[in-house]
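Remarks on the overall topology
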Amino acid sequence: MIAILIVLLPLISAGIIYLMGKHLKFGRFLFLFTAVCHSICSVYLLLNPEAALSKWDIGKTTLLGFDPISALFLLITSLLFILVAIQTHFWLPAELAAEPEHAAAHGHTAAGFQKESVFRSCLLAFLAMMTLVTAARNLGILWVALEATTLVSAPLICFRRSAGSVEAMWKYLLICSVGIAMALFGTMLLDVAASSGGHSPGLNFDKLLLTRSTFHTGWFKAAFIFAIAGYGAKMGLAPFHTWLPDAHSEAPGTVSALLSGSLLNCSFLALMRFYALAPETLRPFCKNLMIAGGLFSLGIAAFFILRQNDFKRMLAYSSVEHMGLAAILWAIGCDQGAIFHVCGHSLIKMTLFLIAGNILLAYGTRAIPTIGGMFKDMPKTACFWLIGILFICGMPPSPLFVTEYLLVREAGPLLSTAVLLLLFVVFGGMTKVCLSMLMGHTGSSAPLPEPTKNAERLNLIPLVALIAVTCCGIMWLILLNNGEI
Amino acid sequence: MNAFVEIISVALLITDLVLVISGRLLHSIRWVAIQGILLGLLPLLLHESGFGVQMLILAVINLSVKGILLPLLLIRAMRKADVRRELEPFVGYTASLILLLAATAICFGFCRYWNIAPGAASPASVPVAFTTMVTGLFIIIARRKAITQAIGFLIFENGISMFGICMMLEHGLMVELGILLDVFVLVFVMGIALFNINREFSHIDSDKLNSLGDWDLPAQNHKDGEAEQ
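In every chain, residue numbers begin from 1 and rise along the written sequence. Chains carry letters and ligands carry numbers; both start at the beginning, A for chains and 1 for ligands, and go up in the order they are written. Local features in a predicted model are, by the rule used here, given only for residues with pLDDT of at least 70; side-chain atom pairs are given and counted only at 80 or more, and totals for whole chains, interfaces and linings are based on all residues. The side-chain quantities take in all heavy atoms of the structure and omit both hydrogens and water.

Overview of unusual backbone geometry
Applied cut-off: Helix and strand definitions here come from DSSP, where helices need a minimum of 4 consecutive H or I residues and strands a minimum of 2 consecutive E residues; each element is numbered from the N-terminal end.
At the junction of Ala238 of chain A and Pro239 of chain A, the peptide bond is cis and its omega measures out at 0° in the coordinates. Here Pro239 of chain A is to be found in the loop between helix H9 (217–235) and helix H10 (243–250). For Asp82 of chain B, which is not glycine, the phi torsion reads 60° and is therefore positive. Inspection of the secondary structure assignment puts Asp82 of chain B in the loop between helix H3 (53–81) and helix H4 (93–113).

Quick look at the structure:
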């Protein structure tokens, strides 16, 4: 019962906020209240495996339910959402106030924004759909939920109405929908593979898991290829990642934080479900496919990070890189490592996107070469930016250090050399960008005084997240040291 | 009853061929509607031994969404974005037709060679489903207007659902309704996006949506609405 409750709660709140569009204060309160309730529910689910195991059925088919992995992903999503909700509460007024100032400073008319009630209800609907992805026990429902995440998050990308954001929204809609449609085809092929033995077990994940040894191998191969193309597109695996940099760079910081931190995890979960269904004889095939996708993502990300002019795009490519790493970790059989990796990545990337939002608020530009001397102009943000960038590159005590170490330890010598080399390139690219933004004198675009003051005040959530990440990292290092991972 | 399935398969193949050469958007939308109606009828013809209430409900919803609601939404989006025709497609209409015919031949040959669908409703139906998917993808790639890409997506989705129907896959009411709802909302959101694109760029040529990229500096001021420089 709790499974359906936790999906419906944000959905209903979203509806209420949309309908009561005029009552902004009530909307803000309900928004935060829902975020808190949702995280209480998800903590309860993680702590009570019995409750989590309870299923929600219609007729004979189980539709919703949790297992330990999906409960963990739900918790991460929920945690991220509550942090983002608090940040949104303070960031939104600052952003709306900064727009006319930037417009005046740069001599153009101020852009319009979406209605606040629409923005908040889309965010909540997004949360509901991501919850549904983690809760789905039926691959059909999983597909429906993942496609729905695209639909409800598309309006979020063009929160600030500009040509760029509309373009990003269109690309996001089209590429993700076509990609996800491939995954639907993959799901159908899986059904064909499963029913080749005679009777069809349907799309229920648990039933499919029991009968997976009888799958028709040819059909399953085709199914997995389409699934990796479809869910890989949503997850940001190269070469299907092209929507990701556009969407992440045009969306407001808080939305990018959710897109990168939670949505990519949910798509990864879908791919993990497909991988889990592979019959033993096909495991090497699926493994090679995922490793190839992962390595290609790493390569693409390294190349584009090296010559990047836009700091939000840089973060987006870094997401491509980390999803590639997670895919490799999962494929080489280091399941725990992959799950740790996406969780750590979620927290750090959320922090970085929130900080990027603050920088954007102060400077009004994403162009790296025009920003300089952040240590002088906005010292707190600059420190957090530096720490965040070092953490995302896997500098200890970052949790990503532990997982990347695991990857190098478990993978063969050739694979780990390639990964390390590419990681090194990424590290070089990102630190170069970071240092050029932080050091030196104020660049050609100077921060405006009032928005800078506001942006410096918005650092509470990044601070909390960074402390949490450090604690996680130290804990995992200790576990690693004791040989428990 | 199998004869009906073959007739509908052939009719669907014809809609594909017409869609790929039609330049008027209204015309394309009408043919997508016809395709949706044919698809909605297909499951009713497949189950000879009577059908349950659930199937009837599904068929009615399917017919009304794919045959009526989606085309209406598309026509509305077309009017709002103020476009009538697909001028200067990337691939000319004659070339498109030849390419699609070649693709059809390949799909049929592929299915025959691998004997891909012994469980399918009729030997013609699965290759036609593949052809429909290829048509959708081709239209998405080879046409210039953003609205045509939305139409292409619908055709692609029609191909996938035809595959599902012909392989006698049943996913249950919830899943089928969920998929339909998703497609419906997608077309709705795409309509809004089209309106916004038209307002910001004053055209809906998707090939000119290229202001975002990795090579140039992002606009000096991100608040700047001028994307085309």
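What about the interface of chain A and chain B?
Where we set the bar: The contact criterion used is simple: two residues touch if any of their non-hydrogen atoms lie within 4.5 Å. Each of two parts loses accessible area, computed with a 1.4 Å probe, when they are put together; buried area is these two losses added. Salt bridges are defined as contacts in which a side-chain nitrogen from Lys or Arg sits within 4 Å of a carboxyl oxygen from Asp or Glu. Contacts described as polar in this section are N or O atom pairs within 3.5 Å, which, within protein, must combine one atom able to donate a hydrogen with one able to accept it, while residues neighboring in sequence count only if both atoms come from side chains. In this count, Pro and Cys sit with the nonpolar residues alongside Ala, Val, Leu, Ile, Met, Phe, Trp and Tyr, while Asp, Glu, Lys and Arg are called charged and the others, Gly among them, polar.
In this complex, chain A contributes 59 residues to the contact, which on the side of chain B involves 52 residues. Taking both sides of the interface into account, the surface hidden between chain A and chain B amounts to around 4,900 Å²; carbon and sulfur atoms contribute 72%. For the chain A face of the interface with chain B, the top three residues by lost area are Glu167, Trp170 and Met188 of chain A, together amounting to 15%. For the interface between chain A and chain B, the tally reads zero salt bridges. There are two residue pairs in polar contact (both at pLDDT 80 or more) connecting chain A and chain B. Sorting the residues of the side of chain A that touches chain B by element identifies helix H4 (68–106), helix H6 (139–157), helix H7 (163–194), H10, helix H12 (283–306) and helix H13 (311–331) of chain A as the ones contributing at least two each. Among the elements that take part in the side of chain A that touches chain B, H7 of chain A stands out by supplying 20 residues, more than any other. Partitioning the side of chain A that touches chain B into residue classes produces 31 nonpolar, 14 polar and 14 charged.

As for the packing of H4 of chain B against helix H5 (residues 125–142) of chain B
All names here are of chain B. Applied cut-off: With axes taken as lines fitted to C-alpha atoms, and helix axes fitted only over the stretch in contact, angles between N-to-C directions fall between 0 and 180 degrees. Left-handed describes a crossing whose near helix is turned anticlockwise from the far helix by less than a right angle; the clockwise case is right-handed.
Their axes nearest at 9 Å, the elements H4 and H5 cross at an angle of 145°. Remark: the crossing between H4 and H5 carries right-handed chirality. Touching Ser96, Leu99, Leu100, Ala103, Thr104, Cys107, Phe108, Phe110 and Cys111 of H4 are Val126, Pro127, Val128, Phe130, Thr131, Val134, Thr135 and Phe138, all from H5. Of the residues in the contact of H4 with H5, the class split is 13 nonpolar, four polar and no charged.

A short note on the pattern of salt bridges
Residue and element names in this part refer to chain A. Convention followed: Accessible area is worked out with a 1.4 Å probe on protein chains only. A residue is then buried under 20% of its type maximum, exposed over 50%, and partly exposed in between.
All chains considered together, the criterion is met by 17 salt bridges over all chains. The salt bridge involving Lys171 is made with Glu167; its shortest N-O contact spans 2.8 Å. Taken as a pair, Lys171 and Glu167 lie in helix H7 at a separation of four residues, close to a single helical turn. Glu167 shares its class with Lys171; the two are buried. Of the charged contacts in the structure, one is a salt bridge between Lys453 and Glu450, with a shortest N-O distance of 4.0 Å.

Overview of the nonpolar core
As a reminder of what qualifies: In this text, buried Ala, Val, Leu, Ile, Met, Phe, Trp, Tyr and Cys residues form a nonpolar core when linked through side-chain atoms within 4.5 Å.
In terms of nonpolar packing, the biggest core is built from 259 residues, with Phe220, Tyr231, Met290, Met374 and Trp385 of chain A together with Phe163 of chain B touching the most fellow members. In this view, Trp385 of chain A contacts Phe311, Met314, Leu315, Leu352, Ile355, Ala356, Ile359, Met374, Cys434, Met437 and Leu438 of chain A; residues no more than four positions away in its chain are not counted.

Structural notes on helix H17 (residues 399–410) of chain A
Residues and elements named next belong to chain A. Counted only if it meets this: Multiplying one less than the number of residues by 1.5 Å gives the expected span of a helix.
If you check H17, its first and last C-alpha atoms are 17 Å apart, about what twelve residues at 1.5 Å a residue would give, namely 16 Å. Taken residue by residue, H17 has Pro399, Leu400, Val402, Thr403, Glu404, Leu406 and Leu407 as its buried positions. In this fold, the buried residues of H17 make contact with H13, helix H14 (335–363), helix H16 (379–392), helix H18 (413–438) and helix H20 (460–481).

Let's talk about the packing of aromatic side chains
Residue and element names in this part refer to chain A. Our working rule: Pairing of aromatic rings covers Phe, Tyr and the six-membered ring of Trp, with a centre-to-centre limit of 6.5 Å; geometry is then stacked below 30 degrees between planes, edge-to-face above 60, and tilted otherwise.
Tallied over the entire structure, the rule returns 21 aromatic pairs over all chains. With 5.3 Å between their ring centres and 80° between their planes, Phe303 and Phe304 make a pair best called edge-to-face. Take Phe303: its relative accessible area is 48%, and that puts it in the partly exposed class. Residue classification places Phe304 among the buried positions, given a relative accessible area of 13%. Note on Phe311 and Trp385: the rings are 5.9 Å apart at their centroids and 75° apart in plane angle, and the pair reads as edge-to-face. Of this pair, Phe311 sits in helix H13 while Trp385 sits in helix H16, and the two are 74 residues apart along the sequence. Accessibility classification places Phe311 together with Trp385 in one group, the buried group. The rings of Phe215, Phe220, Phe224, Phe268, Tyr275 and Trp330 are connected pair by pair, giving a single aromatic cluster.

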